[in-house]
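Observations on the model geometry
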Amino acid sequence: EKSDGMIHIGEAVAKGAAAVVAEQPRPEDFSLPWVRVPDARRALALLAARLAGNPCEKLVLAAVTGTNGKTTTTTLLAAALERGYGRAGFLGTVGYRTGSRELPAKFTTPDPTVLQPLLAEMVSGGVLAAAIEVSSHALALERVAGCRFDLAIFTNLTRDHLDFHGDIESYYAAKKKLFALRKPGGFTL
């Protein structure tokens, strides 16, 4: 929102970057491999999932979105998943729990470069299920691209976050994206 990552390419190359993934065309004088994508945020999320070993495919995942009630609903879901699967991960506003450690939350739904390694940590630690709060910002900014959910819950929609989304229709459209991320046979509530 505030800066274009293109201004950091020189610094990334100096630190050993092997390639660039960007929405813009490759500059003529650039020598490293350049992958042009239609949506850099989505590409980042998909690459992060792949680099982490696609942990979402190995977990039973429940996602909760809505203006209000996400934390409460996700907490209850994590408790239910823990009862059914022994241990369960939790990612949300009040913190991140992987089964082996707890971390403070910087965002309700972490950036994909944080999200996917946390999910991979759950998998490697033997956690079989997790509950995740998925904010409208995360959906609009493609943070959960590469995730597939067994259960998607939409709690409600009120007139919050219109400063980010612009209008209630765009806000609803962002929330609605969650349902396209269900695994085949996944449930919606």
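Before any of the text, the structure's been laid out above.
The structure reproduced in this document is the subject of the present report. Fair warning: this is a prediction, and the values are worked out from it, not measured in the lab.

Quick look at the packing of aromatic side chains
- On inspection of all chains with the given rule, the structure shows 3 aromatic pairs.
- Seen from their ring centres, Phe30 and Trp34 are 5.2 Å apart, and the 80° between their planes marks the pair as edge-to-face.
- Judged by its relative accessible area of 15%, Phe30 is buried.
- Consider the rings of Phe154 and Tyr172, whose centres lie 6.3 Å apart with planes at 25°: the pair is stacked. Within this pair, whereas Phe154 is found in strand E8 (residues 149-154), its partner Tyr172 is found in helix H7 (residues 168-176), the two being separated by 18 residues in sequence.
- Accessibility expressed as a relative area gives 40% for Tyr172, which makes it partly exposed.
- An aromatic cluster is present here, built from Phe154, Tyr172 and Phe179 joined pairwise through their rings.
- Positioned above the aromatic ring of Phe107, the side-chain terminus of Arg143 is 4.6 Å from the ring centre.

Focus: the pairing of strand E4 (residues 88-92)
- With 5 of 5 residues buried, E4 is to be regarded as a mostly interior element.
- Of the two faces of E4, both are covered, the one formed by Ala88, Phe90 and Gly92 as well as the one formed by Gly89 and Leu91.
- In this sheet, strand E7 (residues 129-133) lies alongside E4 in parallel orientation, the contact comprising 4 bridges. Residue pairing in the sheet places Leu91 in a bridge with Ile132 of E7.
- Pairing between E4 and strand E5 (residues 95-97): 3 bridges, direction antiparallel. For Phe90, the partnering residue across the bridge sits in E5 and is Arg97.

What counts, and where the lines are drawn
Residues numbered from 1 in each chain as written. Predicted model: local features only at pLDDT ≥ 70, side-chain atom pairs only at ≥ 80, totals over all residues. Heavy atoms only, no water. Phe/Tyr/Trp six-rings, centres within 6.5 Å; stacked < 30°, edge-to-face > 60°. Buried < 20%, exposed > 50% of the residue type's maximum accessible area, 1.4 Å probe, protein only. Helix = DSSP H or I, 4+ residues; strand = E, 2+ residues; numbered from the N terminus. Lys NZ or Arg CZ within 6 Å of the ring centre and 35° of its normal. Pairing = 2+ DSSP bridges.

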